[in-house]
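Inside the fold
Chain by chain, the residues:
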2 protein chains.
Amino acid sequence: MSQEPRLIEVRKNVLKANDVIARALRETFRAAGVFVVSLVSSPGSGKTAFLEKSLTRLRPEVRVAALVGDLATENDAVRLARSQAPVKQIITGTVCHLEAAMVQKALEEWNLNEIDMLFIENVGNLVCPSSYDLGENLRIVLMSVTEGEDKPLKYPTIFNTADAAIITKMDLAAAVEFDSPAAHANIQAVRPGMRIFQLSSKTGHGMSSYFDFLHSHLAHLRPIVRRSR
Amino acid sequence: MSQEPRLIEVRKNVLKANDVIARALRETFRAAGVFVVSLVSSPGSGKTAFLEKSLTRLRPEVRVAALVGDLATENDAVRLARSQAPVKQIITGTVCHLEAAMVQKALEEWNLNEIDMLFIENVGNLVCPSSYDLGENLRIVLMSVTEGEDKPLKYPTIFNTADAAIITKMDLAAAVEFDSPAAHANIQAVRPGMRIFQLSSKTGHGMSSYFDFLHSHLAHLRPIVRRSR
């Protein structure tokens with residue numbers, strides 16, 4: 001992955017106020033050595049369970065932190081705090097996506113030099129978040145096996161602006177007769193070549209290759225990233 | 001239920017262009033004797049499976065029809081056509097909700113006098129559709145057992161503007177350890193007194209009480225509604 005991810009390229013001529021802030025954020029992250037991963041999905045796809053597993057698993061080696069967006073409640077931040085990583089909730093009110101300015105404000109009290117990897121969990125929505133750059137290095141779109149294999153075709157923009165796709169709740173695949181080849185074909189139809197992971201946050205099955213993928217990005221971008229403390 | 005549903009009451013001072021069209025639509029529906037039910041939910045909650053069952057089951061007695069909204073694809077209309085009810089797809093492009101004008105335009109070629117009950121399946125989204133009145137008599141919000149019991153708290157507006165809630169995919173309840181009392185409590189917290197149905201479109205379990213509920217509305221609003229042909 002390049003330092004100028006695809007989601008920027010596809011709309012480089014549509015610089016809005018959000019993009020100006022996102023650019024500044026991206027530069028801030030780069031300067032502080034923070035690798036930023038954003039998660040987008042439908043509500044209930046399992047972003048928070050997945051993020052909790054990610055924080056818990058990565059934390060011994062990598063200084064992780066997370067911002068979580070929701071219209072209402074601090075539920076996710078409370079839940080993620082169990083990972084013992086620094087977590088902050090962003091409450092958007094009636095806004096159906098995070099914006100770069102919200103991320104910027106949420107980070108004010110944190111010292112970015114103490115963070116290696118920041119996860120940003122967007123509001124659960126397959127439409128609104130797609131056009132808001134948050135300064136992330138990697139945007140991951142999640143879909144669960146229970147949602148139906150055609151979601152990439154129905155929500156092409158969010159899949160098209162993502163850098164990788166994760167199919168979650170694989171433990172339920174048999175119960176819902178999930179058609180994995182169809183789901184893969186539909187993802188590839190809207191975003192040819194996109195890397196796809198299939199996993200279950202509940203059982204942990206399939207998570208290793210995703211962690212290898214994250215580590216490869218860290219290793220590639222910043223050779224010395226492991227916690228030295 | 002009164003003829004002026006709650007979703008209108010809660011924002012009666014916020015008349016926008018959409019509301020003007022929605023009002024006209026509602027009057028058109030009333031004059032033509034069409035009872036209109038809209039369905040809102042997250043993507044993948046099972047609106048289309050539920051709607052297919054509804055159309056198939058109601059069709060012998062009631063002249064049903066459906067409009068289905070999606071950003072892209074005609075998939076849902078194709079799927080719903082199996083019910084043999086008249087179905088039309090509305091493609092919204094990048095818009096994350098249906099608007100009254102889209103409904104009005106989609107209905108141009110239909111004779112409303114030949115329809116007793118019209119279903120409108122909104123774009124899968126728990127935020128955007130909440131503030132767009134479509135002239136419906138009844139707004140039903142769906143959530144599946146796989147989405148997590150806290151969705152009503154995270155998306156209060158969409159639950160607050162709905163007239164009834166349906167918990168779908170009950171056949172998966174055990175597999176996902178669905179906490180039914182918690183889900184009910186969360187729905188009641190944002191919309192006290194709201195009628196809640198639990199069902200599985202796959203097995204058909206629990207659908208009878210929902211059909212009784214629909215029939216009671218038809219019977220109450222328009223005594224002679226059964227198909228006379």
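Before any of the text, the structure's been laid out above.
Throughout what follows, the structure given in this document is the object of discussion. (Residues numbered from 1 in each chain as written. Chains lettered and ligands numbered in written order. Predicted model: local features only at pLDDT ≥ 70, side-chain atom pairs only at ≥ 80, totals over all residues. Heavy atoms only, no water.)

Focus on the interface of chain A and chain B
- Across the contact, 32 residues belong to chain A and 32 residues belong to chain B.
- Together, the buried faces of chain A and chain B total about 2,400 Å²; carbon and sulfur atoms form 54% of this surface.
- At the surface where chain A touches chain B, the tally comes to 6 salt bridges.
- Ionic pairing is found between A:Lys202 and B:Glu177, a salt bridge with its closest N-O pair at 3.2 Å.
- Put simply, chain A and chain B have 15 residue pairs in polar contact (both at pLDDT 80 or more) between them.
- At the level of secondary structure, the elements contributing two or more residues to the side of chain A that touches chain B comprise helix H4 (75-80) and helix H6 (151-154) of chain A.
- Ranked by the residues each element gives to the side of chain A that touches chain B, the list is headed by H6(A), at 3 residues.
- For the side of chain A that touches chain B, the per-class residue count stands at 14 nonpolar, 9 polar and 9 charged. (Contact = heavy atoms within 4.5 Å. Buried area = accessible area lost by both parts, 1.4 Å probe. Salt bridge = Lys/Arg side-chain N within 4 Å of Asp/Glu carboxyl O. Polar contact = N/O pair within 3.5 Å; in protein donor to acceptor, adjacent residues only side chain to side chain. Helix = DSSP H or I, 4+ residues; strand = E, 2+ residues; numbered from the N terminus. Nonpolar A, V, L, I, M, F, W, Y, C, P; charged D, E, K, R; others polar.)

Concerning the sheet that holds strand E7 (residues 195-198) of chain A
All names here are of chain A.
- The 7 strands are arranged E3-E2-E4-E1-E5-E6-E7 in an open sheet whose pairing can be described as parallel. In the strand order of this sheet, the two ends are held by strand E3 (87-91) and E7, each with one partner. In this sheet, adjacent strand axes meet at a mean angle of 20 degrees when their direction is disregarded.
- With 5 bridges connecting them, strand E5 (residues 138-144) and strand E6 (residues 164-168) associate as parallel partners. By the bridge assignment, methionine 143 is partnered in E6 with isoleucine 167.
- On top of the sheet, helix H8 (residues 180-190) reaches E5, E6 and E7; it is set at about 150 degrees to E7, its chief contact. (Pairing = 2+ DSSP bridges. Axes fitted to C-alpha atoms, helices over the stretch in contact; angles between N-to-C directions.)

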